[in-house]
Amino acid sequence: SYSFCTLLNTTMVEHRKSGLAASAGDVRQQCIWSQAQMGLVYPSPYAIFAGYFRAEGKTITKEKVSSVMKAILKAFPAKPKQLTSATVALDFGLFQSWGGKAPKGMDYLYPEEVTDDSGNVRTTSEVFSQTNKFQDSACDIWFHIKSDQSLEKCREVQAIIELTLGGVVKKTKNVQEAASKTPSGGKGKVLGCRFAENLNNPSDPVTLATRTLVGHEDTDHYGGSFVVAQRFTINWNHIHNMNDEEIEDIIGRTVGPNYILPSNDTRAHIKCARGRDAQGNTTPVLRLGLPFGRRFSPTDLRNDPDLALKGANLADEEGIYFAGYTQGVQNLEVIMKQMIGEKEGFMRDRLFDNLQSDFGGYFYVPSYKDLGMDSLSFAHTEKVKNWDEHPGMDWKRLNTHYDKASKNGWMHYNHFEYLNTMSTMSEVEAKKKDPPSSRVLELLSHNFSIWQDNWYFNRKQPEFKHMRVYITEAFGAAEATKVMRLSVIERKAWAIRMTLRVCASHEYGHRGTTWIEGGVEKSTNPPTEGANTYTLHPSEVIVGQLPNLSLGQGRYAMVFERENEHLTNYMSGCNEASGLGHVVPGHQKLLDMGIGGLKKQAEDKIKDSINVSDETTQFLNSVIISLDALSEYCEAFALLAEEVEKSLSDGQIAEKENLSDISSRLRNIATEKPSSFLEALQLLFIMHCALHLNGEPVAIGRLDQMLYPFYKKDFDQGFIDEPTAQEALDCFWIKLDEKVQQNRLNVEDHQKMGYLMPGPPGGTYPKASVNQWVQQITVGGYVADDADVPTPSYNTITKLAIRCSRRLPLNAPCLSLRVNSNTPDYILEEAAKAVLSGGAHPFFIHDDKIIKGLLETGKDIGPSEQRLNALYDGKVRLQDARDYACDGCYEPLFSGKNYFTLPTMQLLEVFEAVLNGSKKYSQAGPNFLRGGIVTEPVPEASNLETFESLKQSFFEQMKLVNMRMTDNILNGFGARESGCPTPLLSAIMDDCIGKGRDLYNGGGQYNLVSLCITGIPTWINAMYSIKKMVYDQESAVTSLPELVECLICDWGHNMVEPFHSALLGKGRTEARAERWKRLREIADALPKFGRGNPEVDKLAQELIGKLCDIVLNSYRKPALASTKDSINRLTEKFGTEENPFGGFQVQVGCATFENYVGFGIGAGASAEGRRNNQTLSSDLSPSPSLVDKPVDHQACSFVDALQGYTSTDIDKLTQGAMTDFNIEESFPLEDLVQVLRKFSEGLGPNMMTITTADPATFEDACTDPEGYDLLRVRMGGWTEFFTSLNPDNQEQHRRRPLSTPSGASTSHLKAKRKTNAAMVEHVVESSVVLQAAVEPEDKVLKALERTTEALMLSAKTADTLNAKITELEETAKEDKKKTKKKKKKTLSSSTKKTGAEPKKPLGSSRK
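Structure report, in brief. All values derive from a computational prediction rather than experimental measurement.

In this structure, F677 and W1019 are the most contacted members of the largest nonpolar core, which totals 266 residues. When residues of this core are assigned to their parent elements, the largest contribution, 16 residues, is made by helix α22 (residues 614–647). Sequence-distant contacts of F677, that is, excluding residues within four places in its chain, are made with L707, F710, Y711, D714, I720, A725, A728, L729 and I797.

Before going further, it helps to spend a moment on empty space enclosed by the protein. Taken as a whole, the largest cavity spans an internal volume of roughly 1000 Å³. The wall of the largest cavity is formed by 49 residues, among which L199, H269, A273, R287 and F322 lie closest to the centre. Counting residues per element, the ones that place at least two in the lining of the largest cavity are β8 (195–196), α6 (205–211), β9 (225–234), α9 (269–272), β12 (319–326), α12 (329–340), α13 (415–423) and α15 (438–453). Residue composition of the lining of the largest cavity, grouped by class: 28 nonpolar, 15 polar and six charged.

This part takes up unusual backbone geometry. Residue P842 is bonded to the preceding H841 through a cis peptide linkage, with omega at -15°. By the secondary structure assignment, P842 is in the loop between α28 (825–836) and β19 (843–846). A cis amide bond links E1057 with the next residue in sequence, P1058, at an omega value of 0°. Structurally, P1058 can be placed in the loop between α36 (1040–1048) and α37 (1066–1085). Unusually for a residue other than glycine, N200 sits at a positive phi of about 65°. Within the secondary structure, N200 sits in the loop between β8 and α6.

Overall, the coordinates contain 71 salt bridges when judged by the stated rule. In this structure, D306 and K310 form a salt bridge, with 3.6 Å as the shortest nitrogen-oxygen distance. Judged by its relative accessible area of 45%, D306 falls in the partly exposed class. Looking at K310, the relative accessible area reads 37%, which means it is partly exposed. A salt bridge links E830 to R806; its shortest N-O distance comes to 4.0 Å. Of the two residues, E830 sits in helix α28 while R806 sits in helix α27 (residues 796–807), which places them 24 residues apart along the sequence. No difference in accessibility class separates E830 from R806, as the two residues are buried. Connected through shared salt-bridge partners, D434, E722, D730, K799, R803, R806, R807 and E830 make up one network.

Rules used in this analysis
Residues numbered from 1 in each chain as written. Predicted model: local features only at pLDDT ≥ 70, side-chain atom pairs only at ≥ 80, totals over all residues. Heavy atoms only, no water. Core = buried A, V, L, I, M, F, W, Y, C linked by side-chain atoms within 4.5 Å. Buried < 20%, exposed > 50% of the residue type's maximum accessible area, 1.4 Å probe, protein only. Helix = DSSP H or I, 4+ residues; strand = E, 2+ residues; numbered from the N terminus. Contact = heavy atoms within 4.5 Å. 1 Å grid on protein atoms, 1.4 Å probe; cavity = no way out; pocket = protein on both sides within 12 Å on 5 of 7 lines; lining within 4 Å. Points joined across faces, edges and corners; volume = space filled by probe spheres on them. Nonpolar A, V, L, I, M, F, W, Y, C, P; charged D, E, K, R; others polar. Salt bridge = Lys/Arg side-chain N within 4 Å of Asp/Glu carboxyl O.

Nothing here speaks to function; it is all geometry.
Rendered as structure tokens:
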């Protein structure tokens, strides 16, 4: 086996043409596992821990130990999924006495020589002398005896050990029996059954092979390991004098379910026990401890009642025998040092105030080769495919605490279960699921560990110094002075250079507090946490590092302004942090020309141009400086790859070859265009990193179209195959999601004035995006040509990209799939599987609708003066429209060709003003009366006598508001260039170099204005409610003036002056409030948009169409002279006959992105039942159920829901009518494929996403972030980990409507509201009683009739509620009985509240 592994490493060199071998990792795994002692990592429920000392004058030889192990194997032969065996471990000195090369992991970090009682000197670690809590007993040989059957089996093994060892060891009392408190060995408990044993362990063979067992870094000792053994007794007197919360704080977890407690307490056990090495890598340990003994007997508890009353019980164990395994003793020292802390005589880890060890030490666990034994034999000798055949292992037992997964077979809730399932999948299952390669799983495991660190450590990136400082340090003060005299755009280019230079330096970009350079460990003075921007993993295929902060958190940007520019930049709200990005870069141009080709294009432009302006020369110089910086960045990572390669051991041949190939690829692409699939992929990522690090958050673009020519060429030449390409893409995907933040407690807010500048200067960007880096990948669709009939463009890379999104449980990159009626079935099936895997990837875009819309965006927009026509060209070309790709959220943009601005209009603010006499009623009250002014004067609510008059009033105000916004957008065009130009991005955008202009200064071929109108679904539902409750004679139950007052008073929950006087008294106030609450019940019961009701859907289509026309006409038919003048002015400024100004292309959108909760804050109550400040729906999605009501999932057929979005009016939302749908995990695959087919054929909006999760899954995840750390949801513009969301966002997702398969039963949905029939009786009764208290009898009777008729009509028209009547018949009957029983009580209590007697017409016969 050992020679086989050596041969394997040698033969892997043959894969250098492709740089990797997707299947080789499985074989490399076998090298390790075949040499590891059987059952070494097995968490058996029964164990005996036995330590033996060498007898006087005796020698413990290798042959003797080997004979012991052989005797055990003979008595208990290896069987899959069953184990009775023993792991032997040796004192370091004993192993070294056998001769041969010592394992590398045996070198102490903190060595200390100690002398025993006999005068013998031995080397140990100083951690034992720093505290008496840990013991180094100097034991010679130690056994971890295991059985999953019984302790009796363990005793049989112990007998074999002692018989075989004979007289070479002393008789010992250091034998301890231990057993899990759950006989099955799953979910065992310790500390009086309060906490789970061995929680957070590595759970899969890939992670164990790379972190617990000695691997390719030390091939002489494949399969070995190191263990710390400590027998701890527990001070129960201390424990029982604490309450549960105090005990929880000591551990850092909750008692019982053991959920993690996010806190800043650095003394909590879980934080102290998770150490990091100096390079910032977590030091992993496989914990196989078990409780032993019973501290209290029934007699003890009977004799000491005080103790019993404090909680002492029979489950309190005597102690815990801890055994922790890892690759090297250094890892154990780091953790134990952290537990001890810096204060001499004290322990940092508070748990050790209650624990004391009396036996233990460090031991080496030898491999079979170390023992001179044969390796384990596998039935699967070529590839480790059927892990169930592994001798003595049941891999599922490794993950008993986090073993939950979706029953649909595609979706994984947490990374423990994911890694366990993916790495131990049977060959039959693997053919169906196509799990990632071992390399990919290793990289994922590494990433997951870093993500987990967020719960334990708060890493904060160091601030950048001013650019002048870095230039002075690198090139001298004179050069710094020279640079600071340059133009803004040239200084920005230097800032790009210095940012990449600093980020790709050890001093700034290391992870942890030290780094290795030239084989020497170095650190800053004083040691500080690095930014983690200059690191790589030896198994990576693609290298580079993205920023740590996500979009909402802000950015670290290098200041390059002069001192005299600061005030101007502050006043304009534009500075180094104002880069917007949010475009699809011209990556195709980058791949076609390479860095060197782009640089030459800029140089030639300078040489060939006549009378070039200073502005143009400065721009082109800035492009050249930026491209040189990119080349230097490639070179820096090439050097890092070489440094890491040199640091590896001779046995890591595959890793060394991989790093050598990486270095070669980087040096090639630093100047030349890419020549292979991997070079193209690396160039895309290195440019992506450079742009993001310099404050330009951008998307990737049409990855399949860009990469397929490289793939085909390499494939035809035999350099690559499909599995290898899949592995490379997997590695690319992983790199895009390395910086995930899962602990909201450690989320950093680093936004500053002017950040992103999205719309008004100085505006701040929504901060709900914890893990959003604007990394969208688009695949599928049509070929980018101008042929009369479009050609589908699906290829192998399309399929592999979709598989990435299914097989890798990541939230980024977001994958968008362009579909049309020609989309192949296999693509839709792959996409459906990906959706069911739970990542909300891919999202779906209808090609024909979007392309048609893009062609319309520039239509009829242009200068008003004919003389300027030759200088303006805003027409969208068919080829460019077909080449669209999505921005970081979902906006369809012209790949590599457009500038982009994203103004936002809050629709509900305008609607409030229209209802409330031009004022925002969410501000109404004693301080602001009717609220702040939003619009021009509008008719009072009492004068809006028809629904048509309400619509007309609203749309008139929308025109005015939009005119003002249009003027602001045009006046601000080009402003960003003055404070934050973007020469690196401009280098690959058409046609910036050709025009000699920065992208932010009119250099783009197109200039997209993408207006986000937030709150459209809420507005639609509110309009429909007003129509039914106010204007429809058959269903009206109130007047508009009353409804407006009702909304001002938050549906009766906030009865504010001067709309309701406190002088009326409590009774009248409560009566009025109660009526408005009942009106809310009526509003809430009405049908909602997007739930399959034709009437409300038709109204939605009409309203959206009109809204879009208003926005477009503000550019196409501007009413303001200033708007016309601005377009003329910009045309003259940026256009020439040779290079016309690209004009404006206007999109209308409905985006909330991730800020649907934020946009709801400050929005007043709305007429569909939503209360003040409550969340909106995301984008154009169906509204969630009301936050203060029981959850109602409003279930309806997915196809019916899509039907309501099928409209040419809705298609006018050319920014994307993004609609987020939710389905349950049990949604059948074949049904989902059919839904996708209908969508691709034109049913539904032009865009949709699908989140897969059961209501119960969401509910459990709210309290168990580790058990559901892979649960993902769609956030309007991107995918987020559910547990990273704040509770308000989580609640919004829990309340989203569910779409079901056509004809599927929804009886399992627990609808909380009453059925319509029960509600009719309840609301009629209560509203009449309350009206009787304050209104004349005739009004009561009329109100009664109107209310009854309205509710009966509502019962007929509310399809979603009617569907639930059948499902909830029994519940309805019970509710009705309860209502009748409480009727007299209700009337009585109402009378007492109002102080009035009920009128005679309220008798039962009249009712």
